[in-house]
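Here's the letter readout for the chains.
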Amino acid sequence: MRADNRVVKVMAGVVAVTTAATILVGSPAQAVNSCSEYQSIEFETPGYNTDMRVRLCLTHGSPTRGAYAQVSWENGGDSAADGRRKFDELLISYRLLAMNVPVTEGSCDLAERVNLAESGLFMCPAAYHRSLDRGAWGVDGALDYNIDRDGAGRKRVTLTPTPIVEN
């Protein structure tokens with residue numbers, strides 16, 4: 001039952017974050033938000049394994065488009081069992097694509113946030129691009145991470161891209 005409550009809280013936060021992103025670019029009549037499905041990732045971290053859900057989003061208005069990421073996590077580093085540190089690095093990077101060519105990019109470093117909080121919800125800052133060009137727009141990205149004390153170094157997870165939006 002507790003896990004179900006967390007999902008509801010996370011989804012409510014995602015709706016609020018998505019609405020806020022729409023307001024930044026324009027009214028819903030002017031902008032379309034298109035997001036990938038949530039991608040669940042479990043990291044074998046000190047203490048309890050850390051669970052993340054990540055999705056990439058496209059804000060598609062005219063003439064401004066944007067790319068951003070939404071992230072939630074459980075079992076971050078907020079207990080003595082994990083030494084209050086799970087990650088040496090936890091970086092999400094994302095690119096706004098026009099006709100499958102990157103036009104701008106953004107990123108957010110989540111290591112400190114996840115190391116300090118057992119759970120959370122965060123929206124990475126949007127990277128915007130102004131263009132009157134017509135074509136296929138989308139967002140792709142990756143998550144680079146380095147788990148504390150595992151000796152394995154940096155690893156990468158390719159994130160599920162957004163659906164392509166034609167204009």
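Attention in this report is confined to the structure presented alongside it.

Parameters at a glance
- Residues numbered from 1 in each chain as written.
- Predicted model: local features only at pLDDT ≥ 70, side-chain atom pairs only at ≥ 80, totals over all residues.
- Heavy atoms only, no water.
- Disulfide = S-S within 2.5 Å.
- Helix = DSSP H or I, 4+ residues; strand = E, 2+ residues; numbered from the N terminus.
- Buried < 20%, exposed > 50% of the residue type's maximum accessible area, 1.4 Å probe, protein only.

### Some details on the state of the cysteines
Scanning all chains against the criterion turns up 2 disulfides. The disulfide partner of cysteine 35 is cysteine 57, and the gap between their sulfur atoms is 2.1 Å. Taking the torsion about the sulfur-sulfur bond, which here is approximately 110°, the covalent link between cysteine 35 and cysteine 57 counts as right-handed. Of this pair, cysteine 35 sits in strand S1 (residues 32-35) while cysteine 57 sits in strand S3 (residues 50-60); the two residues are 22 residues apart in sequence, bridging distant segments of the chain. The class for cysteine 57 is buried, based on a relative accessible area of 0%. Covalent S-S linkage joins cysteine 108 and cysteine 124, the inter-sulfur distance amounting to 1.8 Å. Here cysteine 108 is found in strand S6 (residues 101-109), whereas its partner cysteine 124 is found in the loop between strand S7 (119-123) and strand S8 (127-130), with 16 residues between them in sequence. With relative accessibility at 7%, the residue cysteine 108 sits in the buried group. Assessed through its relative accessible area of 0%, cysteine 124 is described here as buried. Here the disulfide map of the protein reads 1-2, 3-4, the bonded cysteines being numbered as they appear in the sequence.

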